[in-house]
Amino acid sequence: MPDDFTLARRSAMRWNAPLDETHAALLLSRLDVEGGTVVDLGAGWGELLIRAVETTPARGLAVDTDEVALDRGRRAARDRGARVEFVEQDAATWQGRADRALCVGASHAFGGTGQALAALAGVTDRLLYGDAFWAAEPTTAAVDLLGDDILTLPALLETCRATGWRVLHLSTADQREWDDFESTSRAGRLEWLLAHPDDPRAAETREWLDTREREYVTTYRGVLGFAYLVLVK
Ligand SMILES: C[S@@+](CC[C@H](N)C(=O)[O-])C[C@H]1O[C@@H](n2cnc3c(N)ncnc32)[C@H](O)[C@@H]1O
């Protein structure tokens, strides 16, 4: 069982993406799960997947490499009676077909956006896909921090077309979703720090929190976007 320091890290996050409840409900309505199998590749703790299947006869399969996240998902699914199985596996090695698929914030598991979209085209005919894009011209500092393989939104949509997809739905995370995502990504550790000010890990945790907050507001707030696409073929 992971200790409270490990569990605290993402404890304030509903899911690991800049997404509010209303936006999530819209995306799931466009994904239109009816039954069969829904696979989530890079699912984390699978909160979106649980919601996608829990009011339908569908079965969910969550694939991720993070055992702490998978365990959180298993507990949530069991507590809510959701038919979701959590599997520790590299998403890029998962073989199979599904009636619906999700891949949100996990294109890096496949080696990048183009590779992810191409691989996912072999998995399903209807996909909820979430990926980062440059919403504004990135500075050198932003590229150094976040990498040079992030696309603009038009280039992301061209990549969808080139890999055989058509865009049924497009929406992007707004500033409040981003600010809440960034805040909640730090809040679990901050609450831990307040409760354990004398712990040997306190100093490095304070430093981690300060660095993350500075990076966000100085380097990529308003520059990094996040797109949600429901893709069909
Ligand atoms: C930004 S999180 C998004 C998680 C989830 N889709 C959500 O929206 O809450 C990215 C996830 O990808 C997972 N991941 C990274 N590399 C992976 C791989 N090779 N195979 C499977 N999962 C991977 C991470 O463990 C993490 O849970």
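Residues numbered from 1 in each chain as written. Predicted model: local features only at pLDDT ≥ 70, side-chain atom pairs only at ≥ 80, totals over all residues. Heavy atoms only, no water.

In the annotation of an unreviewed UniProt entry, the protein is listed under the name Methyltransferase domain-containing protein and assigned to Amycolatopsis rhabdoformis.

**Section: the overall build of the protein**
Scanning the protein from terminus to terminus reveals 9 helices and 8 strands. The C-alpha atoms of the protein give a radius of gyration of 18 Å, which matches the 17 Å a tight globule of 233 residues would have. By residue count, 48% of the 233 residues in the protein fall in the buried class. In the protein, of all internal contacts separated by at least 6 residues, the share reaching a separation of at least 24 is 72%. Taken as a whole, the protein presents about 11300 Å² of accessible surface, with 49% of it coming from carbon and sulfur. In the protein, 26 side chains carry a positive charge and 38 a negative one; their mean positions are 5 Å apart. (Helix = DSSP H or I, 4+ residues; strand = E, 2+ residues; numbered from the N terminus. Rg over C-alpha atoms; globule rule 2.2 N^0.38 Å. Buried < 20%, exposed > 50% of the residue type's maximum accessible area, 1.4 Å probe, protein only. Contact = heavy atoms within 4.5 Å. Areas by Shrake-Rupley, 256 points an atom, 1.4 Å probe, with all protein chains shown as cover. Lys, Arg positive; Asp, Glu negative; His and termini not counted. Charge placed at Lys NZ, Arg CZ, Asp CG, Glu CD.)

**Considering the pattern of salt bridges**
On inspection of all chains with the given rule, the structure shows 16 salt bridges. A salt bridge links Glu158 to Arg161; its shortest N-O distance comes to 3.3 Å. Pair noted here: Glu158 and Arg161 are both in helix H7 (residues 153-162), with a separation of 3 residues, about one helical turn. On the basis of relative accessible area, Arg161 is assigned to the partly exposed category, the value being 44%. Beyond isolated ion pairs, a larger network of salt bridges with shared partners links Arg14, Glu21, Glu47, Arg51, Glu54 and Arg80. (Salt bridge = Lys/Arg side-chain N within 4 Å of Asp/Glu carboxyl O.)

**Considerations on the nonpolar core**
Side chains of a nonpolar character, in soluble globular proteins, are inclined to be buried together. Among the nonpolar cores identified, the biggest contains 43 residues, and Leu48, Val84, Leu128, Trp178 and Tyr228 are the most heavily contacted of them. If one sorts the elements of this core by residue count, helix H3 (residues 47-54) sits on top with 5 residues. Setting aside residues up to four positions removed in sequence, Val84 forms contacts with Leu49, Ile50, Val53, Gly60, Ala62 and Ala77. Formed by 27 residues, the second largest nonpolar core is a distinct cluster that contains Ala106, Ala121, Tyr129 and Phe133. (Core = buried A, V, L, I, M, F, W, Y, C linked by side-chain atoms within 4.5 Å.)

**Description of unusual backbone geometry**
For Asp32, which is not glycine, the phi dihedral falls at a positive 55°. Positionally, Asp32 belongs in the loop between helix H2 (21-31) and strand S1 (37-41).

**Considerations on the packing of aromatic side chains**
This structure, assessed with the given rule, holds 4 aromatic pairs. Directly above the ring of Trp208 sits Arg189, whose terminal nitrogen or CZ lies 5.7 Å from the centroid. One Lys or Arg, Arg201, reaches over the ring of Phe5 and ends 4.6 Å from the middle of that ring. (Phe/Tyr/Trp six-rings, centres within 6.5 Å; stacked < 30°, edge-to-face > 60°. Lys NZ or Arg CZ within 6 Å of the ring centre and 35° of its normal.)

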